[in-house]
Amino acid sequence: MKIRSHIVSAGILAFLSASALADNASVIKSPLTNTGVDSDAYGRVLSLLSGNSSSLAIGLAKLAPSAAHQIEVGGVIETNFTTNSKGAAVVIFRAPIPGSGPALDFDPRGKLLRVLANGQSLLEATLSGAGEPTGADVTERVDLVRAAIPGLVGKARADFRLDTKGRRYFKVELERAGAGPFELFVGGVSRGTFTPFGILQKIRFATQSDDPGVLPMNFDPRGQAIEVRRNGVVVFSNTFEAVARGVNFASPRFSKVVIPSTGADPDGSADAKLEIDRRARKHFSVEIEDVPVGTYDLLVAGADVGDIVVSAVTGGTKGEVEFTNGDDDGNELPLTFDPAGKTLAIRRDSTIFFEGLFTPDTDNGVGKPGVEPPSELEESFGSTGLNGDASGRIRYRVEAGGRHKFNVEIEDVPVGNYTLRVAGAVRGTIRVVATANGVEGEIEFDTKIEPGHVPLTFDPRGQLIEVLSPAGIYFSQLLGSGSQPN
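A brief structural summary. (Residues numbered from 1 in each chain as written. Predicted model: local features only at pLDDT ≥ 70, side-chain atom pairs only at ≥ 80, totals over all residues. Heavy atoms only, no water.)

1. Re the pattern of salt bridges
And step 1. Counted by the stated rule, this structure contains 30 salt bridges.
And step 2. For the salt bridge of Glu132 with Arg168, the shortest nitrogen-to-oxygen distance reads 3.4 Å. One end of the pair, Glu132, is in the loop between strand S9 (120–126) and strand S10 (137–146); the other, Arg168, is in strand S12 (residues 168–175), and 36 residues separate them in sequence.
And step 3. Note that Arg204 and Asp211 form a salt bridge whose closest N and O atoms lie 3.8 Å from each other.
And step 4. According to the relative accessible area criterion, Arg204 is partly exposed, its value standing at 29%.
And step 5. Judged by its relative accessible area of 35%, Asp211 falls in the partly exposed class.
And step 6. Salt bridges sharing partners connect three or more residues here, namely Arg141, Arg157, Asp159, Lys171, Glu173 and Lys202. (Salt bridge = Lys/Arg side-chain N within 4 Å of Asp/Glu carboxyl O. Helix = DSSP H or I, 4+ residues; strand = E, 2+ residues; numbered from the N terminus. Buried < 20%, exposed > 50% of the residue type's maximum accessible area, 1.4 Å probe, protein only.)

Okay, structure coming up:
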């Protein structure tokens with residue numbers, strides 16, 4: 001069948017790609033279990049997660065022809081699709097660039113994927129986690145991070161395999177890591193010591209094995225903290241979860257867009273914010289101020305997605321609604337929609353108070369700042385705590401005439417040179433010296449070329465600003481997200 005051959009080809013490509021990457025990838029091949037609602041329906045899932053590009057392909061056949069269906073992952077409807085005249089479909093999620101299909105902006109691992117029709121589950125499977133179906137095939141490989149310990153050398157890697165017969169294999173290898181003994185901990189539990197094999201040190205596990213060198217596997221390492229310790233000190237570690245850009249890793253960024261007033265209340269204001277954190281989780285919020293107290297509807301592309309409750313506060317009124325596609329904040333609603341490029345409207349009863357297109361910055365601020373009205377943004381720099389006395393400030397100013405200035409100042413850190421990084425790109429060096437006023441350093445950028453100023457050829461607003469040295473990251477902050485405690 002055409003659907004089946006297409007998916008098998010995609011699976012071969014996924015496997016070859018993961019093998020070529022070698023260092024950090026996850027490949028999941030899984031059948032979908034028929035729930036009995038449509039006894040003829042069948043399907044398969046093929047997932048490739050890697051640092052460069054990822055995909056989640058779902059091949060389906062013998063569903064109702066030319067009918068509307070949904071793909072639900074972890075309780076969230078991720079996309080809608082319609083079968084062809086033969087009841088078949090192929091749905092492919094992709095990251096970091098979606099292409100013609102839906103975006104893979106969620107991590108499918110450990111989640112229940114369901115194919116729905118009229119609210120009923122037709123086909124389903126847990127992908128790489130407890131409850132996965134018989135016949136699933138999973139391969140995952142993760143590099144372990146070497147601790148910053150003087151004299152520590154070598155590298156480490158962990159591999160997991162689940163075959164179609166349900167047998168599980170797990171191993172951790174150290175290469176040129178020096179003398180042991182080394183001990184493996186998974187989820188904080190000691191699982192055994194490594195055995196030397198030439199330049200390698202290995203520890204191996206399996207659910208079924210007659211090899212005396214293979215330990216019994218009575219645990220699941222997926223998603224667990226993996227630590228290699230020597231004499232009680234962690235020398236290599238990581239979470240056993242392959243990193244996939246756009247899926248569980250991203251360059252943090254922040255965007256804020258004003259939602260225009262319709263004139264229903266000329267004193268009111270509204271804005272929408274979208275933040276993407278390091279783990280690729282999205283946080284979307286809409287806030288309104290200085291409108292009458294009450295409950296307002298938030299509409300995204302005409303759909304009512306949540307309520308904004310406006311209450312009295314000092315100096316006026318204020319209300320906010322927050323969404324996330326993560327699972328770490330019970331105060332935020334599930335983000336089951338993509339607001340980018342959609343029209344946002346805020347309505348009370350039948351009156352629209354605010355309406356406008358949400359167009360967040362999606363290019364990481366690349367490019368010289370453009371012409372815009374005068375403004376000023378000043379925030380306390382967020383210290384990471386690497387140095388308890390450290391403090392700093394960030395300033396961004398747009399002057400009349402369109403001149404832009406960007407300034408970063410740090411204080412009370414050890415004397416020396418520090419790297420300024422914006423959205424992951426190195427933008428300059430801050431030289432910290434002792435002065436009559438204390439220990440401080442500063443770097444200034446300007447769209448007008450002047451002595452002592454670095455040319456401002458990028459826009460840092462909404463981007464992650466970091467100051468670091470070989471000792472680590474001293475400051476880290478999304479510019480525009482508000483002052484952080486020093």
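2. A look at the nonpolar core
And step 1. In terms of nonpolar packing, the biggest core is built from 54 residues, with Leu32, Leu113, Phe170, Val172, Leu184 and Val228 touching the most fellow members.
And step 2. Those residues within four positions of Leu184 in sequence are excluded, and the remaining contacts are Phe170, Val172, Val189, Ser190, Arg191, Gly192, Phe194, Ile203, Phe205, Ile226, Glu227 and Val228. (Core = buried A, V, L, I, M, F, W, Y, C linked by side-chain atoms within 4.5 Å. Contact = heavy atoms within 4.5 Å.)

3. Regarding the sheet that holds strand S2 (residues 33–34)
And step 1. Taken in spatial order, the five strands make up an open sheet running S2-S9-S8-S5-S6, and their pairing is antiparallel. Among the strands making up the open sheet, the edge pair consists of S2 and strand S6 (76–82).
And step 2. Strand direction decides the pairing type here: strand S5 (residues 68–73) and strand S8 (residues 112–117), joined by four bridges, are antiparallel. Paired with Val73 across the strands is Leu113, a residue of S8. (Pairing = 2+ DSSP bridges.)

4. Structural notes on the environment of Glu132
And step 1. You can call Glu132 buried: its relative accessible area is 13%.
And step 2. Glu132 sits 20 residues away from Leu112 along the chain, and the two C-alpha atoms are 8.7 Å apart.
And step 3. Sequence-distant contacts of Glu132, that is, excluding residues within four places in its chain, are made with Thr126, Val138, Leu162, Arg168 and Arg222.
And step 4. A distance of 2.8 Å separates the side chain of Glu132 from the side chain of Arg222, its partner in a polar contact. (Polar contact = N/O pair within 3.5 Å; in protein donor to acceptor, adjacent residues only side chain to side chain.)

Such coordinate-based values are descriptive only and should not be taken to indicate function.
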